[in-house]
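# A closer look at the structure
Next come the chains, spelled out residue by residue.
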Amino acid sequence: MRRLFWVGVGVAVGVSATRKVNELTQKATPAGVGTSLGEGLRELGAGLGAFGAEVRAGMNERSEELYAMVEDTTEIPVRPDPSPSARHARAPRRGSSHAR
């Protein structure tokens, strides 16, 4: 009975070790490296997007504070026109022509 127990333990350790080695060799292949790199870049992109959103939110909050301070001090409305067309209007790029 004791020998059977140790055979079972040996089989379990062997299966576990084989799986770990197979995982490591899969990660070392070009496809595995590409997968890991792709996942890392996706995480980086998500982090940068979240950081950009936080920065924009902070900028908007601070600009509102500054507008309120200037308006309270000077009693002159200084806020920009909040129309959507003015907010999203962009200057044409250099070298681009509108007639195509």
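Here's a quick rundown of the structure. Being a predicted model, the structure only gives us computed values, none of them experimental.

The rules behind these values
- Residues numbered from 1 in each chain as written.
- Predicted model: local features only at pLDDT ≥ 70, side-chain atom pairs only at ≥ 80, totals over all residues.
- Heavy atoms only, no water.
- Helix = DSSP H or I, 4+ residues; strand = E, 2+ residues; numbered from the N terminus.
- Areas by Shrake-Rupley, 256 points an atom, 1.4 Å probe, with all protein chains shown as cover.
- Salt bridge = Lys/Arg side-chain N within 4 Å of Asp/Glu carboxyl O.
- Buried < 20%, exposed > 50% of the residue type's maximum accessible area, 1.4 Å probe, protein only.

### Observations concerning the overall build of the protein chain
When helices and strands are counted, the protein chain shows three helices and zero strands. By element, 62% of the accessible surface of the protein chain is carried by carbon and sulfur atoms, the whole surface being about 9300 Å².

### Re the pattern of salt bridges
In this structure the tally under the stated criterion is three salt bridges. The salt bridge partner of E65 is R62, with a shortest N-O separation of 3.1 Å. Separated by three residues within a single helix, E65 and R62 lie in helix α2 (residues 30-74), roughly one turn from each other. Judged by its relative accessible area of 40%, E65 is partly exposed. For E71, the salt bridge goes to R79, with nearest N and O atoms at 3.2 Å. On the accessibility criterion, R79 (37% relative accessible area) is partly exposed. Beyond isolated ion pairs, a larger network of salt bridges with shared partners links E64, E71 and R79.

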